[in-house]
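# Close look at the chain arrangement
This is what each chain is made of:
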Amino acid sequence: MSERQTADVRGICRTYHRDPGRLIDIVRDVQAQSGCVAGATIDAIARELGVHRVEVESTVSFYAFLSQEPQGRVVIRLCDDIIDEMNGSAGVAEAFREELGIDFGETTPDGKITLEWTPCIGMCDQAPAALVNDVVFPNLSREVARTIVRGLREHLMPQRLIQHYGDGNNAHDLVQSAVSNNIRQQGPVVFAPMPAGEAIRLALAMNPVEVIRQVKTSRLRGRGGAGFPTGMKWEFTRNAAGGQRYLLCNADEGEPGTFKDRVILTERSDLLFEGMTIAGYAIGADTGILYLRAEYAYLRRFLEHMLQERRRQELLGKGICGHEGFDFDIRIQMGAGAYVCGEETALINSCEGFRGDPRNRPPFPAQEGYRGCPTSVNNVETLCCAARILQKGASWFAQLGSSGSTGTKLLSVSGDCMRPGIYEVPFGIKIAEVLDLCGAPEAHAVQIGGPSGQMLGQDGFGRTICYDDVATGGAFMIFGRERDVVYIAAKFLDFFVEESCGYCTPCRVGNVLLKDSLDRILGGRGEPRDLDLLQRLGKTVKACSRCGLGQTSPNPVLTTLEHFRGEYEARLQMPTNGRRASFDIQAALTEATRITSRSRGER
Ligand code: SF4
């Protein structure tokens, strides 16, 4: 490592006050400067922070956007979601390969461009899409992919390759993105206007306990999917022992098919920050952290600007709105590419600079969360709802939606429909009504809640979206008659296999076994007993996994088995002459040859 590089690392660590809790920011900055975080650089960071090198290496090795291997100055990450595949990502991938002369996972011989696959980047309404460094390229075609590579060969500046900006704040000077919002239906909670500070002033006219009572009376439940009552979470956090408290906003939506937070962050960040500030007041926190997924880094400068504006308007900082004693500010914590960090305890670990491993519960974050202090972790949409409740009143909010699920829900609609995008709908809406709204008369199946949710067929289209029937964090993926639901279930399992943190065996191994079994069925070697295996193993993985990822990862298999069993059975082989259809003698011989390093003729 040169003296210059050592000085750079030192400078970056100093920017973050040599705080090991800011390790993710530090290694992100080092990687942006050096192309990777490896060897001597890891030692230098560890020295500066006063921690063991293993701690740094363990963080670097965990996150998909960090690398110990040298990468190109430009990294192209093509999204490999099922929706991207349905929209032609295979052709785009081929164009990238041909034009660059490398395969995925490789870097061009001149060391300038790296090509990778990546899971969901939050653009299913404009797929296929890719991230080129932090720049999003939606609606890709083979031709556009070739144009991008040719442009990069000239100047390695992806931002210069954007031809048209998207709508709304996507065209803001600090965003300048080609992304579109695709807001198809605006409702009264998230998309109605609100003057900045109005809800905060109304909240500050009450004491914090009254604010929590308002939120409890509204019966607001968390919009991330689990549906925990928000007022209760705030109350637990406020009443927990300890002086310092924190408010964390989870903007790490990474479930394939989910992109509602992207649109809120682009168009309604004021409402979100209003909600965060009210939550901070209610729980007694002076610090809020917005955990922003790495895929949305293109919004960071804009969001920092919005925060700065709010400081200028005295809506953040000391004595907010002249209310002596209420000090609250928000910082942005970048993620680094790990779906599991959407789990609240994994997110807390990540905010502290560690690997995004989920923690054992109890203690719950409300008792012992960020830096060991009581912490409320809330979803982006939930905090927007909280601000609206304080502005319009709990009873106004409670009369929207259904009795067990008050308010509205943002749906991220994608797949085989005419109008993919964002729909703000009242809870209690039927799935068939959503299909009408987005133009999907030929829908064969709908995946609700992303891969961890459930796949429903036409006999389920009369069901309703609410916590008492079909709950969802927002993803609504539509599949037409020509789609293969068994293949889709396998694709979703691939995602979970990739994203499992590996801590517990049922999740780490069980999902691989489920995937193997699905591959056998897809390869025409499945037998009736494979369906029993899928069912039993799926239930075991759900029951024995530590966090929400493992507890929901078998859902694609279990719900497609429940609602589309005929599509599995049509692929099965019946054993004949005592032989198992699943046993592939050629594959077994090839594997044995590989393991023993002998060719078949050798003794
Ligand atoms: Fe990690 Fe999966 Fe276990 Fe969750 S369930 S802790 S993701 S291995």
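What this report covers is the structure whose coordinates are included nearby. Please read all numbers here as calculations on a predicted model, not as lab measurements. (Residues numbered from 1 in each chain as written. Predicted model: local features only at pLDDT ≥ 70, side-chain atom pairs only at ≥ 80, totals over all residues. Heavy atoms only, no water.)

### Considerations on helix H15 (residues 380–392)
Worth spelling out the cut-off: Segments assigned H or I by DSSP are reported as helices when at least four residues long, segments assigned E as strands when at least two residues long, and all are numbered from the N terminus. To estimate the expected span of a helix, subtract one from its residue number and multiply by 1.5 Å. Only protein chains enter the calculation, and the probe is 1.4 Å; a residue is then buried if its accessible area is under 20% of its type maximum, exposed if over 50%, and partly exposed in between.
The end-to-end C-alpha separation of H15 is 19 Å, in line with the 18 Å expected for 13 residues at 1.5 Å each. Most of H15 is tucked away, with 12 of its 13 residues classed as buried. Taken residue by residue, H15 has Val380, Glu381, Thr382, Leu383, Cys384, Cys385, Ala386, Ala387, Arg388, Ile389, Leu390 and Gln391 as its buried positions. Note on H15: the residue one or two positions beyond its end, glycine 393, has a positive phi of about 105°.

### Comments concerning the packing of helix H11 (residues 260–267) against H15
Our working definition: A fitted line through C-alpha atoms represents every axis, and for helices the fit uses only the stretch in contact; the resulting angles, taken between N-to-C directions, go from 0 to 180 degrees. Roughly parallel here means an angle under 35 degrees, roughly antiparallel means over 145, roughly perpendicular means 65 to 115, and every remaining angle is called oblique. Residues count as neighbours in contact if any of their non-hydrogen atoms are within 4.5 Å of one another. Under the scheme applied, nonpolar residues are Ala, Val, Leu, Ile, Met, Phe, Trp, Tyr, Cys and Pro; charged residues are Asp, Glu, Lys and Arg; polar residues are all the others, including Gly.
Across the interface, H11 lies against H15 with an axial gap of 9 Å and an inter-helix angle of 50°. What the angle tells us is that H11 and H15 run oblique. Residues Lys260, Asp261 and Ile264 of H11 touch H15, and the partners they reach there are Val380, Glu381 and Cys384. In the contact of H11 with H15, the residues fall into three nonpolar, no polar and three charged.

### Structural notes on the packing of aromatic side chains
Aromatic ring pairs: the centre-centre distance and the angle between the two ring planes describe each pair. Condition: Only centres within 6.5 Å qualify two rings of Phe, Tyr or Trp (six-membered ring in Trp) as a pair; their planes then separate them into stacked at under 30 degrees, edge-to-face at over 60, and tilted for everything else.
Summed over the entire model, instances satisfying the criterion amount to 10 aromatic pairs. Here phenylalanine 495 and phenylalanine 496 contribute two aromatic rings whose centre-to-centre distance is 5.4 Å and whose plane-to-plane angle is 65°, an arrangement assigned as edge-to-face. For phenylalanine 496, a relative accessible area of 0% puts it in the buried group. In textbook terms, an aromatic cluster arises when at least three aromatic residues are bridged by ring pairs, as seen for Tyr281, Phe326 and Phe328.

### Some details on the sheet that holds strand S15 (residues 475–480)
Note the following rule: One bridge is not enough; two strands pair if DSSP finds at least two bridges between them.
Judged by pairing direction, the sheet is mixed, and its six strands sit side by side in the order S6-S12-S11-S15-S13-S14 without closing on themselves. Sheet topology places strand S6 (183–185) and strand S14 (454–457) at the edges, where each strand pairs with a single neighbour. The sheet shows a mean angle of 30° between the axes of neighbouring strands, direction not considered. Running over the sheet, H11 touches S6, strand S11 (408–415) and strand S12 (421–426) and is turned about 115° from S11.

### Regarding the nonpolar core
Applied cut-off: Buried residues of nine kinds, namely Ala, Val, Leu, Ile, Met, Phe, Trp, Tyr and Cys, make up a nonpolar core once their side-chain atoms join them within 4.5 Å.
Within the largest apolar cluster, 84 residues are counted, with the highest numbers of intra-cluster contacts made by Trp234, Leu272, Leu290 and Phe479. Top element by residues in this core is helix H12 (residues 269–283). It accounts for nine residues. Apart from residues lying up to four places away in sequence, tryptophan 234 is in contact with Val211, Ile212, Val215, Ala279, Ala282, Ile283, Ser376, Asn378, Leu383 and Ala386. Counting 41 residues, the second-largest nonpolar core is a separate cluster that includes Ile12, Val340, Cys504 and Cys507.

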